[in-house]
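Here's the letter readout for the chains.
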Amino acid sequence: MTQDIQFNRPFMTGKELYYIAEAKFGNMLAGDGPFTRRCHEWLENKSGCDKALLTHSCTAALEMAALLLDIKQGDEIIMPSYTFVSTANAFVLRGGVPVFVDIREDTLNLDERLIESAINQRTRAIVPVHYAGVACEMDTIMDIAERHGLMVVEDAAQGVMATYKGRALGSIGDLGAYSFHETKNVISGEGGALLVNAPTLAMRAEIIREKGTDRSRFFRGEVDKYTWQEAGSSLLPGELVAAFLWAQLEEAERITNDRLATWQRYHALLEPLEVKELLRRPIVPDECQHNAHMYYVLLAPEIDRQKVLNELKKNGISSVFHYVPLHSSPGGERYGRVQGELEVTNRQSERLVRLPLWVGLTAEQQEYIAKVLTRAISS
Ligand SMILES: *Cc1c(COP(=O)(O)O)cnc(C)c1O
């Protein structure tokens with residue numbers, strides 16, 4: 001039987017179109033209506049953040065963060081090179097300089113032991129990225145930030161429903177950014193949220209998101225007209241997107257548990273390959289509860305990754321690698337600065353393979369994937 005296993009299949013809970021119809025027939029189409037409020041409350045209760053604000057993407061949430069932190073020409077922002085472009089772009093748009101620091105061998109997250117060597121008088125912020133929904137070593141990172149007077153913006157794009165020592169990712173730094181892009185766990189097509197944890201930033205966050213005006217306060221009846229307050233943009237999604245997202249948030253627990261079961265199944269199926277040292281499976285530190293955003297393997301150095309990907313493809317399995325490290329891309333060379341050798345980033349990024357993981361992927365399909373992968377890397 002020929003297989004056709006997609007890498008990702010966006011999951012719908014079933015109520016998305018119902019809620020969209022509800023928003024439409026209530027004539028609530030612009031942003032910050034009842035569904036947006038429901039999503040905000042959910043995010044605030046679930047994460048414990050001071051204020052949650054939906055944005056039209058995680059990219060927009062990160063751009064909001066850069067505006068909120070008043071990033072200026074030449075300000076330096078410490079981040080991993082092994083991340084999505086938006087982590088860097090958000091700050092580059094304000095004239096900031098991304099400073100790329102190497103990642104940890106185990107989690108592929110920013111190596112907290114290397115952060116201090118990258119700090120100088122121009123450093124303004126640290127942006128830890130929680131890769132695959134596995135938390136960075138946040139206690140250490142927050143301690144470094146405090147000692148050096150730096151802000152922390154968590155890129156928790158992949159971290160919805162994941163925790164570090166029981167605390168929601170995105171709720172630990174001064175600011176946190178979530179993504180609801182269709183490739184993430186909880187989705188609205190395009191979508192995101194900024195979590196504001198520093199109460200001093202909450203009011204300005206609302207203003208920046210609403211075209212630089214105090215319109216949010218006006219709608220709450222706190223001011224009798226709304227006016228231009230400072231530089232801002234239109235960063236909020238419309239109600240139809242929020243209605244879709246609400247149907248997903250309601251089921252976030254079920255989605256996460258389903259993905260975790262799939263993740264565990266891969267983990268068991270691929271153990272023999274790790275024992276034979278043909279690959280390494282993901283490592284999740286004890287203090288991190290992840291959300292099964294991703295299942296990846298790191299192939300042994302002698303294995304040709306492209307051949308493995310081709311072999312999977314030939315057998316109907318769509319499998320992909322991930323980031324081209326930012327420091328080695330044209331944009332990274334132009335806008336960024338590299339701290340140290342980035343040896344782990346360079347090595348691990350070339351060995352990583354991501355396997356299909358979505359709600360609805362069956363145990364039989366996973367066994368088939370494991371079989372094909374085993375054959376591909378053993379030959
Ligand atoms: C997906 C992702 C983003 C961007 O999210 P959008 O919602 O598509 O803007 C940013 N950072 C990381 C680490 C991501 O995985």
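Rules behind the numbers
- Residues numbered from 1 in each chain as written.
- Predicted model: local features only at pLDDT ≥ 70, side-chain atom pairs only at ≥ 80, totals over all residues.
- Heavy atoms only, no water.
- UniProt positions renumbered as here; feature names shortened; annotations may be inferred.
- Axes fitted to C-alpha atoms, helices over the stretch in contact; angles between N-to-C directions.
- Helix = DSSP H or I, 4+ residues; strand = E, 2+ residues; numbered from the N terminus.
- Left-handed = near helix turned anticlockwise from the far one by under 90°.
- Contact = heavy atoms within 4.5 Å.
- Nonpolar A, V, L, I, M, F, W, Y, C, P; charged D, E, K, R; others polar.
- Buried < 20%, exposed > 50% of the residue type's maximum accessible area, 1.4 Å probe, protein only.
- Right-handed = clockwise from strand over helix to strand, strands pointing away.
- Pairing = 2+ DSSP bridges.
- Domains from an automatic or database assignment.
- Polar contact = N/O pair within 3.5 Å; in protein donor to acceptor, adjacent residues only side chain to side chain.

An unreviewed UniProt entry annotates the protein as dTDP-4-amino-4,6-dideoxygalactose transaminase of Billgrantia montanilacus. Per UniProt, the protein carries the Sequence similarities (unreviewed entry) text "Belongs to the DegT/DnrJ/EryC1 family."

Novice: I tried to follow the packing of helix α1 (residues 16-25) against helix α8 (residues 239-249) on my own but got confused; where do I start?
Specialist: Any two packed helices are characterised by the angle at which their axes cross and by the distance between the axes. Where α1 meets α8, the axes come as close as 8 Å, and the angle between the chain directions of the two elements is 145 degrees. In the packing of α1 onto α8, the handedness of the crossing is right-handed. Two secondary-structure elements touch here, α1 through Glu 16, Tyr 19, Ile 20, Ala 23 and Lys 24 and α8 through Leu 240, Ala 243, Phe 244, Trp 246, Ala 247 and Gln 248. Looking at side-chain class alone, the contact of α1 with α8 contains 8 nonpolar, 1 polar and 2 charged residues.

Novice: Whenever I open this one, the pairing of strand β3 (residues 97-101) confuses me. Can you help?
Specialist: Along any regular strand, the residues point their side chains to alternate faces of the sheet. In terms of residue burial, β3 counts as a mostly covered element, since 5 of its 5 residues are buried. With burial as the criterion, each face of β3 is covered, one bearing Val 97, Val 99 and Val 101 and the other bearing Pro 98 and Phe 100. Handedness of the crossover is the feature at issue here: the chain leaves strand β2 (residues 76-80), passes through helix α4 (residues 85-92), returns alongside β3, and the resulting connection is right-handed. Taken together, the 2 bridges between β3 and strand β13 (residues 337-338) define a ladder with parallel strand orientation. Its bridge partner lying in β13, Phe 100 is registered against Val 338.

Novice: Honestly, the domain arrangement of the protein in this entry has me stumped. Any pointers?
Specialist: It is common to report an interface's size as the accessible area lost on association of the parts. What the domain assignment reports for the protein is domain 1 (16-250) and domain 2 (252-378). Applying the counting rule to domain 1 against domain 2 returns 27 residue pairs in polar contact (both at pLDDT 80 or more). At the level of secondary structure, the elements contributing two or more residues to the side of domain 1 that touches domain 2 comprise α2 (34-47), α4, β3, β6 (163-164) and α8. Take the side of domain 1 that touches domain 2: its biggest share by element is 5 residues, from β3. For the side of domain 1 that touches domain 2, the residue count by class is 24 nonpolar, 12 polar and 10 charged.

Novice: Which parts of the structure should I look at to understand the sheet that holds β3?
Specialist: Sheet strands line up and pair through hydrogen bonds in the backbone, either parallel or antiparallel. Read from one edge to the other, the open sheet built from 8 strands follows the order β1-β9-β8-β5-β4-β2-β3-β13, with strand pairing classed as mixed. What marks the edges here is a single partner per strand, and that holds for β1 (51-55) and β13. Taken together, the 3 bridges between β2 and strand β4 (residues 123-126) define a ladder with parallel strand orientation. Counted as the bridge partner of Ile 78 is Ile 126 from β4. Its contacts with the sheet place helix α3 (residues 58-68) against β1, β5 (151-155), β8 (175-179) and β9 (192-196), and it is angled at close to 165 degrees to β8. Along the sheet, α4 makes contact with β2, β3 and β5, crossing β2 at roughly 175 degrees.

Novice: Could you clarify how one ought to interpret the UniProt feature "active site" (unreviewed entry) in the protein in this entry?
Specialist: Here, the residues flagged by UniProt with the feature "active site" (unreviewed entry) are Lys 184. Within the fold, Lys 184 resides in the loop between β8 and β9. Given the relative accessible area of 17%, Lys 184 is considered buried.

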